[in-house]
Amino acid sequence: MYAVRIQQSAQSRSKIQNVIKTLKNIAGYDEAVDALVLGLVAREDVMLVGPRGTAFTHLVWTLARLVQAQLTTTTSAEEWPHDNVNPSRLVFIEIVPNATLPPRLIEKKNAWILIVAANEEAFKGEEIPALYDRFVKAYVQRLDGRDLLSAVKAVWLSNYKPIASMEDVEVLHRYAISLLRQEDIIESYYENIAPFVELLRMKRIAVSDEHVINTLPKLYAAYLAIHGVSPENMISATYDAILHVAQSREELQNIKEIIDESYGETINLIHLLSDGRQ
């Protein structure tokens, strides 16, 4: 039975990796793609933050088509579906400026995950940060130059067909959870994340205990489920996960600079090893 589960995970991993490659044909949205797929496998809600007019709707629609998920879209948090739980559903909510996101959406959701698209201006106020903190996040700018051309081609010249299914997503999700039940995985997570979190806190970037205990382990395990368990992936998973809990675009940039200054050589070596294996 264990061997069968491993084989199923490998097959599902290959399909989800192809989903990532296909989505990244929409150039300029790599970080949004990473956040969406990581959130999908971790079963953590995702927030895409960027200026109005960013092609979030097309990106989410394409993801849903590639994994054969039912997609419910709305521009009003009050109009989202309230029927029975549907594990194959993704709910996409576009929050307009100055709107709020009711906590009940997260507390009583009836879908696999919620995906929220928002402008930074939509989430300012004293009561917002705690709710905002719950999401896996990606910050996106409008496209220009060759990225814009690539996106136009992706929309009009691509015929997206299903590559995977929500069953594959569930297989990887269960595998990710099983990884978190293994002491050696937890220890590797802690050995990688602890010094990095300490460094960030010294640089006045607040990483909450809630993130370290609950959110980041799920993203770490989801990354390993998607890309495979290896020493280099355990390091990459740490950096990738921490990028998606940044609380602002400025904080994200600061984290990237700290990673580059402190761990740049290690990351370059990991990329060389990965390229060599491919």
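Further up the page is the structure itself.
Cut-offs applied
- Residue positions are counted from 1 within each chain, in the order its sequence is given.
- The predicted nature of this model means local features are confined to residues of pLDDT at least 70 and side-chain atom pairs, given and counted, to a pLDDT of 80 or more, with totals for whole chains, interfaces and linings taken over all residues.
- Think of the side-chain values as coming from all heavy atoms in the structure, minus any hydrogens and water.
- Buried and open spaces are told apart on a 1 Å grid over the protein atoms alone, a cavity being a set of points where a 1.4 Å probe fits but cannot get out and a pocket being an open set with protein on both sides within 12 Å along at least five of seven lines. Residues with an atom within 4 Å of a point are the lining residues.
- Grid points are joined across faces, edges and corners, and a volume is the space filled by probe spheres set on the points.
- In this classification, Asp, Glu, Lys and Arg are treated as charged, Ala, Val, Leu, Ile, Met, Phe, Trp, Tyr, Cys and Pro as nonpolar, and every other residue, Gly included, as polar.
- Exposed residues in this analysis have more than 50% of their type's maximum accessible area, buried residues have under 20%, and partly exposed residues fall in between, with area computed by a 1.4 Å probe over protein chains only.
- Nonpolar cores were defined as sets of buried Ala, Val, Leu, Ile, Met, Phe, Trp, Tyr and Cys residues, with membership established by side-chain atoms within 4.5 Å.
- Secondary structure counts use DSSP, requiring at least four H or I residues in a row for a helix and at least two E residues in a row for a strand, with both numbered from the N terminus.
- The patch calculation keeps residues exceeding 30% relative accessible area without a salt bridge and links them within 9 Å when they carry like charges or within 5 Å when they are nonpolar (Val, Leu, Ile, Met, Phe, Trp, Tyr).
- Reported accessibility uses the Shrake-Rupley method at a 1.4 Å probe radius. Residues are deemed covered only where the shown protein chains occlude them.
- In the sections that follow, a salt bridge refers to a side-chain nitrogen of Lys or Arg positioned within 4 Å of a carboxyl oxygen of Asp or Glu.
- For the charge count, each Lys or Arg is scored as positive and each Asp or Glu as negative, with His and the chain ends excluded.
- One atom stands in for each charge, and that atom is NZ of Lys, CZ of Arg, CG of Asp or CD of Glu.
- One less than the number of residues in a helix, times 1.5 Å, gives the span that helix is expected to have.
- The seven residues ending at a residue and the seven starting there each receive a fitted axis; the angle between those axes is the bend at that residue.
- The pairing test for Phe, Tyr and Trp rings, Trp by its six-membered ring, is centres within 6.5 Å, and the orientation test on the planes gives stacked under 30 degrees, edge-to-face over 60, and tilted for anything in between.

A. Fine view of empty space enclosed by the protein. Taken as a whole and judged by the stated rule, the model has one cavity of 30 Å³ or more. By volume, the largest cavity is sized at about 50 Å³. In terms of lining residues, the largest cavity is bounded by I205, A206, V207, H211, I242, V245, Q247, E251 and I255. Of the residues contributing to the lining of the largest cavity, the split by class is six nonpolar, two polar and one charged.

B. Molecular detail of unusual backbone geometry. Phi angles above zero are rare outside glycine, and Q68 is one such case at about 55°. Non-glycine residue R204 carries a positive phi angle of around 65°. Of the residues examined, R204 reaches a relative accessible area of 79% and is grouped as exposed.

C. Fine view of the nonpolar core. In terms of nonpolar packing, the biggest core is built from 88 residues, with L48, L90, F196, L216, I242 and I255 touching the most fellow members. Counting residues per element, this core draws most heavily on helix α9 (residues 209–227), which supplies ten residues.

D. Up close: a negative patch on the surface. Taken together, E183, D184, E187 and E191 make up a surface patch of like negative charges. Residue classification places E191 among the exposed positions, given a relative accessible area of 58%.

E. Fine view of α9. For α9, built from 19 residues, the straight-helix expectation of 27 Å at 1.5 Å per residue is met to within 8% by its first-to-last C-alpha distance of 26 Å. Considering bend angle alone, the principal kink of α9 is centred on T215 and spans about 40°; proline P217 follows within four residues of it. Where α9 terminates, the next one or two residues include G228, which has phi positive at roughly 100°.

F. Spotlight on the packing of aromatic side chains. One pass over the full model with this rule turns up two aromatic pairs. On the basis of an interplanar angle of 65° and a centroid distance of 5.2 Å, the ring pair of Y189 and Y220 is categorised as edge-to-face. Of this pair, Y189 sits in helix α8 (residues 183–202) while Y220 sits in helix α9, placing them 31 residues apart in sequence. For Y189, a relative accessible area of 6% puts it in the buried group. Centre to centre, the rings of F196 and Y239 are 5.4 Å apart; their planes meet at 80°, and the pair counts as edge-to-face. Separated by 43 residues along the polypeptide, F196 in helix α8 and Y239 in helix α10 (residues 231–243) bring together distant segments of the chain. For the pair shown, F196 and Y239 are each scored as buried.

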